[in-house]
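Single-letter residue listing:
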Amino acid sequence: MHTAREERMAAAQLPQANVVSILYEQHAQLRDQFAVVPDLRGEYRRAAFDMLREMLARHEAAEESVLRPVTSKLLPAALSRARNEEEKAATHQLAELERMDVDGSEFAPRLRQLEEQMLLHFVREETEEFPVVLGELSAHEQEELGRWMLRAIELAPSHPHPTLSGSPVGQSVLGPFASLYDWARDLLIRTREELKER
Ligand SMILES: [Fe+2]
Ligand SMILES: [Fe+2]
């Protein structure tokens, strides 16, 4: 998917509570928010960036805690490592942007760079991770994963944490995240056993 519209259309093909539908919708919202920030100035730009920063920090932390423990066992390890590394790099850049003057000359080019990297990251998740979730988990498990993804987004820190990012285990040390990580791992073990039995 290369536009927010395509992502929303893909989300609409799935039940609303499905984890992939939720993630497509969030990718679309993030694309839209990336587009809004550079058109604004001053306090409006700061407010729009704060919203983007919070949405992105929560989205990526939740993916690392709920989605990645499942997909990392269903896909080659190098792929999930690469996605975690991209999320870690994005978190560092987000933390740097947060400290910058939003009207300074460096801010817009740095934001544009982050946007380009994140849009590629979304496409990789959509083409590599989403199909295995849809293909290997039952409809009920996909909805359960969606429920936990929404819960993780609520619990996730609203500011980027470069020291925790890039590591599902690192994210899981954040109190309530531990249970999400355990749940995702248990779901994965069950799924793997069911696949072996087929
Ligand atoms: Fe991600
Ligand atoms: Fe994502």
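Refer to the structure printed above.
Residues numbered from 1 in each chain as written. Chains lettered and ligands numbered in written order. Predicted model: local features only at pLDDT ≥ 70, side-chain atom pairs only at ≥ 80, totals over all residues. Heavy atoms only, no water.

Asker: Quick question: what am I supposed to make of the coordination of the iron ion (ligand 1) here?
Answerer: The coordination sphere of the iron ion (ligand 1), as far as protein atoms go, consists of Glu60 (OE), Glu63 (OE), Glu87 (OE), His121 (NE2) and Glu125 (OE), spread over 2.0 to 2.2 Å. Between consecutive donors of the iron ion (ligand 1), the numbers of intervening residues give the motif E-x2-E-x23-E-x33-H-x3-E. A separation of 3.4 Å is found between the iron ion (ligand 1) and the iron ion (ligand 2), which share Glu63 as a coordinating residue. With Glu60 in helix H3 (residues 42–74) and Glu87 in helix H4 (residues 77–99), this residue pair connects regions lying 27 residues apart in the sequence. The exposure class assigned to Glu87 is buried, which follows from its relative accessible area of 0%. (Donors = N, O, S within 2.8 Å, 3.2 Å for Na, K, Ca; no water. Helix = DSSP H or I, 4+ residues; strand = E, 2+ residues; numbered from the N terminus. Buried < 20%, exposed > 50% of the residue type's maximum accessible area, 1.4 Å probe, protein only.)

Asker: Any chance you could explain the packing of aromatic side chains here in plain terms?
Answerer: In this description, an aromatic ring pair is defined by two values, namely the gap between the centres and the angle between the planes. Counted according to the given criterion, the structure contains 2 aromatic pairs. Considering the side-chain rings of Tyr24 and Phe130, the 5.0 Å spacing of their centres and the 90° angle between planes classify their relative orientation as edge-to-face. Here Tyr24, found in helix H2 (residues 19–36), pairs with Phe130, found in helix H5 (residues 107–136); they are 106 residues apart in sequence, far enough to count as distant. Since its relative accessible area comes to 8%, Tyr24 is described here as buried. (Phe/Tyr/Trp six-rings, centres within 6.5 Å; stacked < 30°, edge-to-face > 60°.)

Asker: Looking at this structure, I do not really get the coordination of the iron ion (ligand 2). What am I missing?
Answerer: Where a metal carries four tetrahedral donors, each ideal angle is 109.5 degrees; where it carries six octahedral donors, the ideal angles are 90 or 180 degrees. Distances from the iron ion (ligand 2) to its protein donors, His27 (NE2), His59 (NE2), Glu63 (OE), Glu63 (OE) and Glu125 (OE), fall at 2.0 to 2.7 Å. Binding-site remark: the iron ion (ligand 2) is held by donors from one chain whose sequence spacing is H-x31-H-x3-E-x61-E. What makes His59 buried here is its relative accessible area of 1%. Glu63 sits in the buried class, given a relative accessible area of 0%.

Asker: What's the story with the environment of Ala152 in this structure? I'm lost.
Answerer: Tracing the sequence through the fold places Ala152 in helix H6 (residues 139–155). Residues Ala152 and Glu63, 89 residues apart in the sequence, show an inter-C-alpha distance of 8.4 Å.

Asker: Honestly, the pattern of salt bridges in this entry has me stumped. Any pointers?
Answerer: Oppositely charged side chains can form a pair if their charged atoms are brought close together. If you walk through the whole model with that rule in mind, you get 19 salt bridges. Here Arg53 ties to Glu98 by a salt bridge, and the two come within 3.3 Å at their closest N and O atoms. Placement of Arg53 in helix H3 and of Glu98 in helix H4 is noted, with a sequence separation of 45 residues between them. Overall, the relative accessible area of 6% leaves Arg53 in the buried class. (Salt bridge = Lys/Arg side-chain N within 4 Å of Asp/Glu carboxyl O.)

Asker: Looking at this model, I keep getting lost on the nonpolar core. Mind explaining?
Answerer: One broad rule of soluble globular proteins: the nonpolar side chains tend to lie buried together. In terms of nonpolar packing, the biggest core is built from 22 residues, with Val19, Val133, Leu145 and Met149 touching the most fellow members. Elements that contribute at least two residues to this core include exactly helix H1 (4–12), H2, H3, H5 and H6. In contact with Val19, other than residues within four places in its own chain, are Val133, Gln142, Leu145, Gly146 and Met149. (Core = buried A, V, L, I, M, F, W, Y, C linked by side-chain atoms within 4.5 Å. Contact = heavy atoms within 4.5 Å.)

Asker: I tried to follow the packing of H1 against H2 on my own but got confused; where do I start?
Answerer: How two helices pack is summed up by the angle between their axes together with the distance between the axes. Look at H1 against H2: their axes get within 8 Å of each other, and the N-to-C directions meet at 160°. Considering their axes alone, H1 and H2 lie roughly antiparallel with respect to each other. In this structure, the crossing between H1 and H2 has a hand that is left-handed. Residue-level inspection shows Ala4, Glu7, Arg8, Ala10 and Ala11 of H1 in contact with H2, the latter providing Ser21, Tyr24, Glu25, His27, Ala28, Gln29, Arg31 and Asp32. Considering only residue class, the contact of H1 with H2 consists of 5 nonpolar, 3 polar and 5 charged. (Axes fitted to C-alpha atoms, helices over the stretch in contact; angles between N-to-C directions. Parallel < 35°, antiparallel > 145°, perpendicular 65-115°, else oblique. Left-handed = near helix turned anticlockwise from the far one by under 90°. Nonpolar A, V, L, I, M, F, W, Y, C, P; charged D, E, K, R; others polar.)

Asker: What am I meant to see in the packing of H3 against H4 here?
Answerer: H4 packs onto H3 with a crossing angle of 160° between their chain directions and a minimal axis gap of 10 Å. Judged on the interaxial angle alone, H4 and H3 are roughly antiparallel. Our pair here, H3 against H4, has a crossing hand that is left-handed. Across the interface between the two elements, Arg46, Phe49, Arg53, Leu56, Ala57, Glu60, Glu63, Glu64, Arg68 and Ser72 of H3 pack against Ser80, Arg83, Asn84, Glu87, Lys88, Leu94, Leu97 and Glu98 of H4.

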